[in-house]
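# Inside the fold
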Amino acid sequence: MDNMRHILIAGLTENKGGLESYIMNIYRNCDRDKVQFDFAVFGDKKITYTDEIKSLGGRVFHIPRKKQSVKEHYGMMKKIFEVQKPIIGMIHLKPLPGSPNYDKNKFDMNAIVKYAVEEAKILEQAGVNGLQIENYWDIPFVKGEEIGYETCAAMTAAACAVKNSVNIPIGINVHMNGGKAAMAIACASGAKWIRVFEFVSAYVSYTGLTEGIGGELARYRKMLDAKDIQLLCDVNVKHGSHFIVHDRTVNELAIDAQEQGADGIIITGFSTGIAPT
């Protein structure tokens, strides 16, 4: 095993053609204690004999397409931040008008905005590289298409105030999976990115079945001429059940999101504060 050699094979397809059969015949009959075949696949497409390859000890590597390379993703991050591995602080807005826990006698909009600005300044002084503004306390959440105008208006007011009080970039996240609302707020406030819980595929969230909004959101961004606002998209996002896609690996789901136009991928643990495993 110390002298194991790996041979990387590229160019196989999903069809059991002559090339595929020829390569596999060699692989089956070689001394796999000394030589192992690995296979490179561009994008998320599947190749024939995948199960057999894995049973023989081989590996299948999915390589991002050239137009969505790792280098380009780092370039995207540099467009927003001054570092490649930024720390993003969270601004969790107090309950906003229209949400069940909003109480204008305790925290009206002026107080909400003032509190958000104070938090933003503290986080900037602590050294974070960016801030993400969320309607975190608008519980219980509603689905993206049910998010009201009042939420968009309140978040825009807070986002504009925060942006004008700091010298680091801001992003927007609207619960639950409110990609279009977040994009509208980002356009109005000058935010550099939005977070999208479910860009492709589906899962069960607090609000029930939550489906991918990538196609709809990409068209909305195009309509707003907002290509400069980056889409940071979760894969297997926290606080939900992903059993309906349990036959797909996190890597496969990430490739799906990348292939469908996500500018960045977010990986979380089971819940807030728990690291990915």
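For the structure itself, consult the block above.
A brief structural summary.

What counts as what
Residues numbered from 1 in each chain as written. Predicted model: local features only at pLDDT ≥ 70, side-chain atom pairs only at ≥ 80, totals over all residues. Heavy atoms only, no water. Axes fitted to C-alpha atoms, helices over the stretch in contact; angles between N-to-C directions. Helix = DSSP H or I, 4+ residues; strand = E, 2+ residues; numbered from the N terminus. Parallel < 35°, antiparallel > 145°, perpendicular 65-115°, else oblique. Left-handed = near helix turned anticlockwise from the far one by under 90°. Contact = heavy atoms within 4.5 Å. Buried < 20%, exposed > 50% of the residue type's maximum accessible area, 1.4 Å probe, protein only. Phe/Tyr/Trp six-rings, centres within 6.5 Å; stacked < 30°, edge-to-face > 60°. Lys NZ or Arg CZ within 6 Å of the ring centre and 35° of its normal.

### Notes on the packing of helix H6 (residues 179-189) against helix H7 (residues 214-223)
At a minimum axis distance of 9 Å, the contact between H6 and H7 shows a crossing angle of 20°. With respect to each other, H6 and H7 are oriented roughly parallel. Like other packed secondary-structure pairs, H6 and H7 cross with a definite hand, here right-handed. Only Glu216, Leu217, Tyr220 and Arg221 of H7 make contact with H6, whose side of the interface consists of Gly179, Lys180, Met183 and Ala184.

### Concerning the side chain of threonine 151
Assignment of secondary structure puts threonine 151 in helix H5 (residues 149-163). Assessed through its relative accessible area of 8%, threonine 151 is described here as buried. Those residues within four positions of threonine 151 in sequence are excluded, and the remaining contacts are Leu96, Pro97, Asn135 and Asp138.

### Brief notes about the packing of aromatic side chains
Per the counting criterion, the structure on display carries 6 aromatic pairs. Aromatic pair phenylalanine 107 and tyrosine 115: ring centres 5.8 Å apart, planes at 90°, arrangement edge-to-face. Using a relative accessible area of 28% as the deciding quantity, one classes phenylalanine 107 as partly exposed. With relative accessibility at 31%, the residue tyrosine 115 sits in the partly exposed group. An aromatic cluster is defined as three or more aromatic residues linked by ring pairs; in this entry it consists of Tyr27, Phe37 and Phe39. Its end group placed over the ring of tyrosine 115, lysine 94 keeps NZ or CZ at 4.7 Å from the ring centre.

Read these as spatial facts, not as claims about activity.
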